[in-house]
Amino acid sequence: MAKSVWSMCGMCSVRCPIRVEVEDGKIKWIEGNPYILKGALCAKGSAGHALVEDDERPHGPLIRTGPRGSGNWKLVTWDEAFDYVAEKLKKIKEKYGPESIMLSCRGGPFADLFKAFIHAIGSPNFSNHDSACGRNVHHAAKTIYGLGRKGFAYDIKNCKHLILFGRNLFEALRLAEANQVMDMLDKGGRLTYVDVRQTITGVKATRFFLVRPGTDYALALGMINEVLKQGAYDKEFVEKYVIGFDELCSFIEPYTAEWAAKECGVKPNAIKAFVKEINEDRPRVIFHPGWMLSRYHDSFYASRALQILNVLMGNIEVEGGQIFSKGPGDCGVKGLRSFDAQVPKPAAPRADLVGDKYKHWDKGPGIFHLFYEAMRTGKPYPIKALICYRHDPFNCFPDPESQKEALENVELLVSIDVHYSEFGWYSDVILPESTYLERENPIATQKGPKPRFIVRQRAIEPRLDTKACWEIFKGLADRLDIGQYFPFNTAEEMWNWQLEPTGYSIKDFEEKGFIPLTDKPIFYDRNNLEGKFKTPSGKIEFISQVLTEQGLPSLKPYESPQKPPKGQFRLVFGRTAVHTHGHTVNNPLLNELMPENAIWINKRVAARLDIKEGDWVDIISEGKKAVIRARITEFIHPEAVYMTHGFGREVPVQTRAYLAGASDQKLQRGLLNKTDPAGGGLCLCEKFVTIKKSVRNAKRRVEL
Amino acid sequence: MNKYLIYLDQKRCIGCHGCEIHCKVNKNLPVGPILCEISHEPLREIKGIPRTEFHFRSCYHCDDPECVKACPTGAMQKREDGIVFIEEDKCIGCMVCQKACPWHIPQLNPATNKAIKCDYCKDRIDAGLKPACVTKCATHALKFVELKPL
C-alpha cells in the first residue's frame, strides 16, 4: 500500500521541504514540497535513497576497543552504549564538575533539544560549527542591527539588483533561494557577482568582478565611497534610523572607487557604472552579507560594509529588500514550547569565555574552536567530555592534527551522526543516528515574512540499528537523571508537548506538510521601526556601542592582504551543487557524479609551472602534502588556487571516499588559532601553499 | 510523429546535475548507466563575463529509430506517441541497440543485465505526470513539451 509522507530533506543543512512516497516500507519517490518548491529537488535530495541503502555507515552503536583512530570497534546494543556513555559522563561530572562536559552540533532549527540536554546536565558549554562558517556574518549583523544574520529575510524574487560577494548560491544551493534568483533574472533583474574565480553563479551574472583574493572589504569600501559621492542613498532613512553616518563619511574619504579598483584589480569605471545602476534600482537592491565568511582577516568588516550598503540603499522592510523575519507572535500565535526554556540556566561561565572576556559575541553557541584552548590549558577550567551531534570538527575546522593534540586531554569523545564522520572514526563511542528518511525531528519554527511551523516525519523504519536524535538524547537523559526535561516516549508525544501552547496539532501538517501562520507576508510600518533594532541605542549602528566598549573599531582602516611568496598561492575553497561538504562524498550516486576534487590554477601561472590540464599537482603546506589533478582556467585570480571542500577523507570503511581527492582543512596548518578578534570567525583563506607539478606525471614507463 | 520533447531553458539551468540523479533513482539504476546528461561548454568571456551554456541530452526518440530496427527480439519499440522504449521482458541484453544507435544511447543496466534508455518515464506520462527529470528539476529549467502540428 503506497503512502505519502511530508518531511524535510536532510542531505544538507538547508532542509528543503519534501514529499516522500513509500510502498511496502521502501522509498519510491522523493520530491520537493509542491506547495513551496513545486517539486524541485537537487541531486543530493534525490540521492537520499542511496544513503538509506548504503552499508558503509555505522550499523549500530559502536564502542572503541583499540587506540583512538585505530578503527577497532565493538558493535554493542543501544542499552550497552547508553549505559557506557552515561556512566562515563557521571564520573566526569563528579570529578571535574558538569561544566567540563560540552556538546556541539551544526546549529539549525532543532538545536533547542540539544541545548536543553547539555544545560540539563548543568553545563553552559553548548556550541556549534559556526565559527568556521557564518559567525562573522552573524556578528556583523548584530553590531549593525542588534539582530543576528537570520534577523532579515531577503526578498530576492522582487528585488531589481542582487549583489553577491562570493556567495555562490547556485552551487552552495538552497532551492527556494535559487528559484527566487532565477525568477528575478527572468523579470530582467540584475545580478552582480564578486569572487576570486568564476562560478556557476557568476556565469549567470550581469556584472562580474574578478578580484584579488582578500580584497572584498576594499571593493565594498570603494562602493560606499562612490554611493556617497553620487548621493545614491536613502537620505531620509539614514537620517531617521542611523547612528554614525558622519563618522562613516569622514572614514570613507580616502577609499575612492579609483583606489578600490587598483586594490582589487578591477576597472574604476565599472564601480562607478555599478553605483549608477544601484541608484536606479534602490531600494530594491540587496547586498548579500555573505554566508560562509570565515575566510579573511577582515571578513567581519567586509560583511559589516555590505550591511552598511544595505542600509544606504534603504532596503529595510520594503518589497524586494530585506524584510524583518517574523515569528509566531507577529501572527497572533503562541510559539512552540521550548525544551531549553524548562531547564535552569547553568551558573558556570562558558569555557570559551564568550560573554565573559568576549562580551561582543553571541553566547548562544559561543565559539567552538576556542574550546580547544580550554582543553589544552585546562583554563578557565578543563573540558573532559565532547559530544558532537551531526558535527564533524575534523572536516569542518582546520588542522585536525592540532585538534587531536588538544583532544588528548579529553576523556570522552562521543559522535552522534548518520555517517562515519572523521571525528566519529577517531572518537570513543559512535551513536548512529537514523537517516533523515528513517527518523523524526522535533517540530521547528521557520521565521520569515511568512512564518510557518515545519516538521520532519519518519517515512520508513530504520534499515540498520540506528535511532532518531530525540530517542538518543532521551535515552541518555533518562540514565543521567534528567529525563524529566524530556517528558515524552514517542515522537507524537514530543510534538504534542511542543505544540500544546500553539493550539495546533500534528494533524494540521497533513494538508501541506507545514503549518502556515499567515497567508500574506507581514510587513512592519517602515516609518515606525522604533524598537525593532536591538542594538544598545535602538538604532542602526554604523558605530557600534558594543564594539567600542570592547575597544574594537567599528570602521576599520583597510589593510592590504599579504602577497603570497614566490611559488606559493593562497588556498581558497568552495562548494559544488552535488556534494554537502564531506557528508556525501561516499554516497554511491553522488560519488559517481563527482568522485574527487581538482586544484584550479590560473592559466598563465600553470604555463609558468609547466602544469597542464589533468596533470597531477603537489600541494604542500608545512609538512602536509596532497596530490590531485590540475584544472586550468583563466578565470581564477593568479594569486589563488581553489579546491572544492569535503574530499580527502580518511575513514577506511568509506571505500568510495577514502583518500579520494584532497582536503583543504588538512592543508590549513596553524589556522586553528587564527581567530578574527572582532567577528570571532576563523580566517580559513589565510593560508599559502606551494604548488608544483608532481613527479607522478611520469613520461616513461619502467614496468612492463 | 513524435508527440513530446524535453526542452532545457538555458537561462534557468545551473548545471546542478539533479536531473541525472532524479532519473537514476526513478529507474532504480545502480552506479554505471546514466540516462540523461547535462554538459557544458568551456568558459568563454563575453562582454567581460565568463559564460557557458548547459546542454541536456537523453534519447532523441528518432522518427525512424535504428535501435528498433536492429533489436533481434522486438524488445525495442516505438509507441504511437513517438516514445522509444524497451519492453524489459523481451530484452536479452545483447546491446545490438547500442551499436545501432548513432549516439550509443541505450546502456546496459548491470543490475538486470538488460538494456535501458530514456523512455520519457512513460509510466508517469501515462499516469498524467511528467518525466522525473522535469518534475524535480531544481530550477524548473527543464520543460516537458507536447508538440502540436501547426
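Residues numbered from 1 in each chain as written. Chains lettered and ligands numbered in written order. Predicted model: local features only at pLDDT ≥ 70, side-chain atom pairs only at ≥ 80, totals over all residues. Heavy atoms only, no water.

(A) Seen up close, the overall build of chain A. A count of helical and extended segments in chain A gives 23 helices and 27 strands. The C-alpha atoms of chain A give 25 Å as radius of gyration, which agrees with the globular expectation for 704 residues (27 Å, within 12%). Per-residue burial over chain A gives 65% buried out of 704 residues. When contacts within chain A are restricted to residue pairs at least 6 apart in sequence, long-range pairs at least 24 apart make up 72% of them. When the accessible surface of chain A is split by element, carbon and sulfur atoms take 49% of a total near 25700 Å². Each charge class in chain A can be summarised by its mean position, and for the 98 positive and 87 negative side chains these summaries are 4 Å apart. (Helix = DSSP H or I, 4+ residues; strand = E, 2+ residues; numbered from the N terminus. Rg over C-alpha atoms; globule rule 2.2 N^0.38 Å. Buried < 20%, exposed > 50% of the residue type's maximum accessible area, 1.4 Å probe, protein only. Contact = heavy atoms within 4.5 Å. Areas by Shrake-Rupley, 256 points an atom, 1.4 Å probe, with all protein chains shown as cover. Lys, Arg positive; Asp, Glu negative; His and termini not counted. Charge placed at Lys NZ, Arg CZ, Asp CG, Glu CD.)

(B) Quick peek at the overall build of chain B. In terms of helices and strands, chain B carries five helices and 10 strands. Its C-alpha atoms give chain B a radius of gyration of 16 Å, near enough to 15 Å, the size a compact globule of 150 residues would have. With the C-alpha coordinates aligned to their principal axes, the bounding extent of chain B is approximately 55 × 40 × 25 Å. Looking at the 150 residues of chain B, the share that counts as buried comes to 49%. If you take every contact in chain B between residues at least 6 apart in sequence, the share linking residues at least 24 apart comes to 53%. About 7700 Å² of surface is accessible on chain B, with carbon and sulfur atoms providing 53% of the total.

(C) Broad picture of the packing of helix α8 (residues 216-229) of chain A against helix α12 (residues 268-281) of chain A. Residues and elements named next belong to chain A. Remark: α8 packs on α12, axes separated minimally by 10 Å, with the N-to-C direction vectors making an angle of 60 degrees. Between α8 and α12, the angle falls in the class oblique. Crossing hand, α8 versus α12: right-handed. Taking contact as the criterion, the partners of Leu219, Gly222, Met223, Glu226 and Val227 in α8 are, on α12, Ile271, Lys272, Phe274, Val275 and Ile278. In terms of residue class, the contact of α8 with α12 is made up of seven nonpolar, one polar and two charged. (Axes fitted to C-alpha atoms, helices over the stretch in contact; angles between N-to-C directions. Parallel < 35°, antiparallel > 145°, perpendicular 65-115°, else oblique. Left-handed = near helix turned anticlockwise from the far one by under 90°. Nonpolar A, V, L, I, M, F, W, Y, C, P; charged D, E, K, R; others polar.)

(D) Up close: the domain arrangement of chain A. Residues and elements named next belong to chain A. What the domain assignment lists for chain A is domain 1 (2-53), domain 2 (64-133 + 333-441 + 463-493), domain 3 (152-324 + 529-549) and domain 4 (568-693). When each unit is reduced to the centre of its C-alpha atoms, the spacing between domain 2 and domain 4 is 29 Å. Both sides of the domain 2 and domain 4 interface together cover about 2200 Å² of buried area, and 53% of this is carbon and sulfur. The three residues of domain 2 that bury the most area against domain 4 are Asn395, Pro398 and Glu422, which together make up 27% of that side's buried surface. Put simply, domain 2 and domain 4 have four salt bridges between them. Across the pair arginine 669 and aspartate 399 runs a salt bridge, and its minimum N-O distance is 2.9 Å. (Domains from an automatic or database assignment. Buried area = accessible area lost by both parts, 1.4 Å probe. Salt bridge = Lys/Arg side-chain N within 4 Å of Asp/Glu carboxyl O.)

(E) Layout of the interface of chain B and chain A. Each partner contributes to the interface: chain B provides 37 residues, whereas chain A provides 37 residues. Between chain B and chain A, a total of about 2900 Å² is buried, with carbon and sulfur atoms accounting for 62% of that surface. Among the residues of chain B in contact with chain A, Arg12(B), Ile14(B) and Lys136(B) are the three that bury the most area, contributing 21% of the side total. Across the contact surface, chain B and chain A share three salt bridges. For Glu592(A), the salt bridge identified is with Lys24(B), shortest N-O distance 2.5 Å. Linking chain B with chain A are 18 residue pairs in polar contact (both at pLDDT 80 or more). (Polar contact = N/O pair within 3.5 Å; in protein donor to acceptor, adjacent residues only side chain to side chain.)

(F) Geometry of the state of the cysteines. Residue and element names in this part refer to chain B. Inspection of every chain in the model, using the stated rule, returns zero disulfides over all chains. A disulfide-free cysteine, cysteine 16 has its sulfur positioned 6.5 Å from the sulfur of cysteine 137, the nearest such atom. The class of cysteine 16 is buried, set by a relative accessible area of 9%. Take cysteine 36: it sits in no disulfide, and the sulfur closest to it among the cysteines is that of cysteine 23, at 4.5 Å. Using a relative accessible area of 3% as the deciding quantity, one classes cysteine 36 as buried. (Disulfide = S-S within 2.5 Å.)

(G) The pairing of strand β26 (residues 640-644) of chain A, seen in detail. Residue and element names in this part refer to chain A. Counting buried residues along β26, five of its five residues qualify, which places the element largely inside the surrounding structure. Along β26, one buried face is formed by Ala640, Tyr642 and Thr644 and the opposite face, lined by Val641 and Met643, is buried too. Sheet topology note: the strand β22 (residues 568-574)/β26 ladder contains five bridges and is parallel. When the sheet's bridge partners are listed, glycine 574 is paired in β26 with threonine 644. (Pairing = 2+ DSSP bridges.)

(H) Region of interest: the pairing of strand β3 (residues 26-32) of chain A. All names here are of chain A. Burial within β3 is extensive, with five of its seven residues counted as buried. Of the strand pairs in this sheet, strand β2 (residues 17-23) and β3 are connected by six bridges, and their pairing is antiparallel. By the bridge assignment for β3, glutamate 23 is matched with lysine 26. The turn linking β2 back onto β3 is made up of two residues, and aspartate 24 within it adopts a positive phi angle of 50 degrees.

(I) Representation of the packing of aromatic side chains. Inspection of the entire model under this criterion finds 39 aromatic pairs over all chains. Their ring planes at 70 degrees and their centres at 4.8 Å tell us that Tyr145(A) and Phe152(A) sit as a pair that is edge-to-face. One exposure class covers both Tyr145(A) and Phe152(A), and it is buried. When the ring of Tyr120(B) is compared with that of Phe144(B), the centres are 5.6 Å apart and the planes differ by 75 degrees; the resulting orientation is edge-to-face. Note that Tyr120(B) is positioned in the loop between β9 (114-116) and α4 (122-126) and Phe144(B) in strand β10 (residues 142-146), a separation of 24 residues in sequence. In this pair, the class of Tyr120(B) matches that of Phe144(B), namely buried. Aromatic rings pair up to connect Tyr145(A), Phe152(A), Phe237(A), Tyr241(A), Phe324(A), Tyr524(A) and Phe533(A) into one cluster. Across the ring face of Trp497(A), the terminal group of Arg337(A) is positioned such that the distance to the ring centre comes to 5.2 Å. Cation over ring: Lys136(B) sits above Trp29(A), and NZ or CZ is 4.6 Å from the ring centre. (Phe/Tyr/Trp six-rings, centres within 6.5 Å; stacked < 30°, edge-to-face > 60°. Lys NZ or Arg CZ within 6 Å of the ring centre and 35° of its normal.)

(J) Geometry of helix α1 (residues 18-26) of chain B. Taking burial as the measure, the nine residues of α1(B) include eight buried ones, the bulk of the element. Three or more residues of α1(B) are buried, namely Gly18(B), Cys19(B), Glu20(B), Ile21(B), His22(B), Cys23(B), Lys24(B) and Val25(B).

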